[in-house]
Amino acid sequence: MVATLIWVIITAVVVLALIFFIYYNRFVRLSHQIDNSLAQISVQLKKRSDLIPNLLSAVKGYMKHERAAIKEVTDARKALVSANGIEKQMKAGNKLQSALKSIFAIAEGYPDLKANTNFLQLQQELSAIEDKVAYARQYYNDGIMSYNVMTNVIPGMWFAKMYGFNKREYLKIAEAEKAVPKIEF
Amino acid sequence: MQQTRLSFYNEIAKNKRSSFLLIGIVLAILLALVYTIGFVMGGDYFFFILIFGTIIAIAYVVGGYYKSADLAIASVNAKPATDQEYRQYNNLVEGLCLASGLPKPKLYVMHNTQINAFASGRDPQHAVVCVTDGAIEKLSKQELEGVLAHELSHIANYDIRFMTLTAVLVGMIAIISQIFLRSLFWSSMTGRGNSRDKNNAILMIIGIALAILAPIVVALVQLAISRKREYVADSSAVKFMRTPTGLIGALKKIQYNTPMKVSGAVSPLFLAKPTKEKEWFQTHPPLAKRIARLERM
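Fair warning: this is a prediction, and the values are worked out from it, not measured in the lab. All residue numbers refer to position in the chain's written sequence, counted from 1. To label them, take the chains in the order written and letter them from A, then take the ligands in the order written and number them from 1. The predicted origin of the model limits local features to residues at a pLDDT of at least 70 and limits the giving and counting of side-chain atom pairs to 80 or more, whereas totals for whole chains, interfaces and linings rest on all residues. Excluded from the side-chain calculation are hydrogens and water; included are all heavy atoms of the structure.

Visitor: I'm lost on helix α5 (residues 141-156) of chain B in this one. Help?
Guide: At 3.6 residues per turn, the α-helix brings residues three or four places apart onto the same side. All names here are of chain B. The numbering of helices and of strands both runs from the N terminus, where a helix is a DSSP run of H or I of at least 4 residues and a strand a run of E of at least 2. By this rule the span expected of a helix is its residue count minus one, scaled by 1.5 Å. For α5, with 16 residues, the first-to-last C-alpha span of 22 Å sits near the 22 Å given by 1.5 Å per residue. Using a 1.4 Å probe on the protein chains alone, a residue whose accessible area is under 20% of its type maximum counts as buried, one over 50% counts as exposed, and one in between counts as partly exposed. With 13 of 16 residues buried, α5 lies mostly within the body of the structure. Positive backbone phi, approximately 55°, marks Tyr158, located one or two places after α5.

Here it is in structure tokens:
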């Protein structure tokens, strides 16, 4: 009788300990996933800024009179390189993206440039990076969603409080970018 | 037709549940078979059959499991898709890997004018994706991305592993049934199987019926599981891309595919199989149904 009771207690303790471990590991794994996807975003942004000098040297020969547009890209790249913290990087990355868009729009008016294979390749590569940034951000937000759901449901909520895992923030698109762009003629 | 929108999260969960239900059915049939045969044959002898059958089935499948990716790639004579030559293909897969958190699989291209693709490998670390050059030429960027998202979903959902598990169970049932039927035949020839009483004769008939029917039933269940996994992969592809447009476009183009010549062993792996047989005997659901489902997401 006493022996059975002891066994019951031992089993209960082991099961309880297992539950604690499993929840802890879940939180840690998700946190790592989230951190990693943030790192992936910076990697892509870095790749984008690395491609800019190549793009500019490909473009310069053709677009001699588009100094303003080129300067915008150079400035945006500088801002991205010196930005620290993912929020600032994202913001600078978005700015660079829109500066690049105007370069590509201007390029439409230069048939020679549009036929340049080097330029085309860079254009393709930069648009692929744009997709990758969007996907990395999506994965980051997916991670945040699973994480936040886990900190909000029972019993995850209790474990989150106990282990000190707090709710985390979604990556927001910068306010300026959400505003509808003004079209001027 | 039901007009409610399908949420891809619900779809994935629902399809996963039904896959597991189907696996449960296979296990239940296996147990029923084992139980009945055990009754007919007497315990000790049967135990031996069970172990023997299990070993054969596992040995048969484990080899295929570890070599699945290499075998599939070799059998279709695919060549690696280099970063320089297939820049867009590589870029699209890299993007989808970022969206799904998967490591980048090895990419291959096989020579075929049809639009098709497959994924293989026992886990995401050993995964391969292969597309036909027809797919690269005929599909738009977004459609190709949809196809690749579907294939990456198979990898993310561990479908190769899941189907391998199913194959082990189905194979075990087939082998056990075979051994049982043959031993019955053999013992009746040598006159050793003297019937004990009437009850035993009835059990014997049930046993024989089960042994004949079980492999057929579980093979059908296996195909049903495979079709479910295709739907899951379609839903997961939408989860990665957040739009079904690309995959729908690709599937619509695939409807005009003429049958491909590939070995029967690798054909269930492909994105789409040219259909002639009834749906029940197919590894894939009909394209029209898949498109209809995607259009509701």
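Visitor: How should I be thinking about the packing of aromatic side chains in this particular structure?
Guide: Residue and element names in this part refer to chain A. In this scheme Phe, Tyr and Trp rings, the latter by its six-membered ring, pair at centre separations within 6.5 Å, and the angle between planes marks the pair as stacked below 30 degrees, edge-to-face above 60, and tilted otherwise. If you walk through the whole model with that rule in mind, you get 10 aromatic pairs over all chains. Taking the centre distance of 4.9 Å and the plane angle of 70° together, the rings of Tyr24 and Tyr163 count as edge-to-face. Of this pair, Tyr24 sits in helix α1 (residues 2-60) while Tyr163 is found in helix α6 (residues 156-163), placing the two residues 139 residues apart along the sequence. Given the relative accessible area of 26%, Tyr163 is considered partly exposed. An angle of 55° between the planes, with centres 6.0 Å apart, marks the rings of Tyr24 and Phe165 as tilted. With a gap of 141 residues between them, Tyr24 in helix α1 and Phe165 in the loop between α6 and α7 (175-178) connect regions that are remote in the sequence. Tyr24 gets classed as partly exposed once you look at its relative accessible area, which sits at 39%. A relative accessible area of 16% means that Phe165 is categorised as buried. Working rule: Lys NZ or Arg CZ, within 6 Å of ring centre, within 35 degrees of ring normal, means a charge sits over the ring. Above the plane of the ring of Tyr23 lies Arg26, whose end atom (NZ or CZ) is 5.0 Å from the centre.

Visitor: Would you mind going over unusual backbone geometry with me for this structure?
Guide: With the exception of glycine, most residues fall at negative phi, and the peptide bonds are largely trans. With omega at 5°, the peptide bond leading from Ile154(A) into Pro155(A) counts as cis. One non-glycine residue, Asn77(B), lies in positive phi territory at about 60°. We classify Asn77(B) as exposed; its relative accessible area is 67%.

Visitor: Explain the side chain of Glu94(B) to me, please; I cannot follow it from the model alone.
Guide: Mapping Glu94(B) onto the fold places it in helix α3 (residues 87-100). Note on Glu94(B): relative accessible area 18%, which makes it buried. Any pair of nitrogen or oxygen atoms within 3.5 Å is treated as a polar contact; in protein, a donor-acceptor pairing is required on top of that, and neighbouring residues in sequence qualify only through side-chain atoms on both sides. For Glu94(B), the side chain forms a polar contact with the side chain of Lys104(B), separated by 3.0 Å. Among residues more than four places away in sequence, those in contact with Glu94(B) are Lys132(A), Asp83(B) and Lys104(B). Contacts were defined at the residue level, with two residues in contact if any of their heavy atoms lie within 4.5 Å.

Visitor: Explain the nonpolar core here, please?
Guide: In globular proteins that are soluble, nonpolar side chains generally tend to be buried together. With 85 residues, the main nonpolar core has Ile41(A), Tyr89(B) and Leu148(B) as its most contacted residues. The greatest single-element share of this core, amounting to 13 residues, is contributed by α1(A). Once residues within four sequence positions are removed from consideration, Ile41(A) is found in contact with Ile86(A), Met90(A), Ala136(A), Arg137(A), Tyr140(A) and Leu171(A). What we call a nonpolar core is a set of buried Ala, Val, Leu, Ile, Met, Phe, Trp, Tyr and Cys residues that are connected through their side-chain atoms within 4.5 Å. Within the second largest apolar cluster, 23 residues are counted, among which are Leu33(B), Ile37(B), Ala214(B) and Ile225(B).

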